[in-house]
Amino acid sequence: MSRKSGGVGSMAALPSDRKACYAVSVTGPGITMSPSHICAPPTGLRAGFVEPGAMIEMQVPKGKDRKIELFAFLQSPGQDLPCPVFAAIIPPSQLTSIYKIGSAFPVDTSNDVTVVEITADFPGLSNHLAQQLSLPMACTAQPGQQNPPGFSVTLGRQIATGGGIKLIGGAGRPSRGRASGGGIQLVTE
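Residues numbered from 1 in each chain as written. Predicted model: local features only at pLDDT ≥ 70, side-chain atom pairs only at ≥ 80, totals over all residues. Heavy atoms only, no water.

**Q** Residues and numbers for the nonpolar core, please.
**A** Of all hydrophobic cores here, the largest spans 18 residues; its most connected members are Leu-14, Tyr-22, Leu-74, Ile-101 and Phe-122. Mapped by element, the contributors of at least two residues to this core are β1 (20-27), β2 (45-50), β3 (66-74) and β4 (98-107). Counting residues in each nonpolar core, the second largest holds 15 residues, with Cys-39, Phe-49, Phe-71 and Cys-83 among its members. (Core = buried A, V, L, I, M, F, W, Y, C linked by side-chain atoms within 4.5 Å. Buried < 20%, exposed > 50% of the residue type's maximum accessible area, 1.4 Å probe, protein only. Helix = DSSP H or I, 4+ residues; strand = E, 2+ residues; numbered from the N terminus.)

**Q** So, the sheet that holds β4: which residues are in play, and what are the values?
**A** If you trace the four strands from one edge of the open sheet to the other, you get β2-β1-β3-β4, paired in antiparallel fashion. Across the chains shown, the open sheet's two edge strands, defined by having one partner strand only, are β2 and β4. Each strand of the sheet is rotated relative to its neighbour by a mean of 15°, with strand direction disregarded. Of the strand pairs in this sheet, β1 and β3 are connected by eight bridges, and their pairing is antiparallel. (Pairing = 2+ DSSP bridges. Axes fitted to C-alpha atoms, helices over the stretch in contact; angles between N-to-C directions.)

**Q** So what's going on with the packing of aromatic side chains? Residues and values would help.
**A** Counted according to the given criterion, the structure contains four aromatic pairs. With centroids separated by 5.7 Å and ring planes inclined at 55°, the aromatic side chains of Phe-49 and Phe-73 adopt a geometry described as tilted. With a gap of 24 residues between them, Phe-49 in strand β2 and Phe-73 in strand β3 connect regions that are remote in the sequence. Comparing Phe-49 with Phe-73, the two get one shared label, buried. Ring geometry for Phe-71 and Phe-86: centres 5.2 Å apart, planes at 45°, overall tilted. On the criterion of sequence distance, the pair formed by Phe-71 in strand β3 and Phe-86 in the loop between β3 and α1 (92-95) is long-range, its members being 15 residues apart. For Phe-71, a relative accessible area of 2% puts it in the buried group. Residue Phe-86 is classed as buried on the basis of its relative accessible area of 4%. One aromatic cluster is present, built from ring pairs that chain together Phe-49, Phe-71, Phe-73 and Phe-86. (Phe/Tyr/Trp six-rings, centres within 6.5 Å; stacked < 30°, edge-to-face > 60°.)

Worth remembering: the numbers are spatial, not functional.
Pasting the structure below:
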């Protein structure tokens with residue numbers, strides 16, 4: 001996204017009372033992906049977040065079929081803090097402040113220098129990354145917050161709750177509202 005040569009510019013669609021920072025992710029054949037995690041989007045090479053007007057430069061292996069995604073991090077209204085790091089595993093506190101605002105695919109990086117223009121489109125404040133990726137509410141829970149209502153899973157004396165729990169295991173034929181097997185018991189009521 002460029003409003004001036006080689007730099008990241010400001011977009012009129014972003015809220016004027018929030019500082020924006022920008023980052024990119026590049027994925028494609030031969031690029032190692034971030035570890036799979038239920039609360040994070042898959043990313044490859046990452047750069048940013050940077051202030052508006054800053055340059056984002058990346059060294060990307062030469063190849064075809066690269067996907068370049070542009071992200072914006074919006075600080076809380078009135079804040080002017082340094083931009084955070086675009087980590088492979090995004091902290092829960094940032095998932096509702098990051099927005100995917102554009103992408104380019106397929107991109108051929110076979111040349112020594114590849115300039116990519118991405119048309120940025122801010123999806124609106126309610127369409128943050130957690131919403132765009134349909135991440136479970138448990139991914140955005142802050143320390144000390146109650147888990148959102150959902151189902152309960154019991155195993156021994158421990159109880160795990162929340163709408164973002166993923167159960168993996170074999171299940172036997174349901175009998176009287178219970179399915180079990182593989183060390184997991186799922187009780188439906």
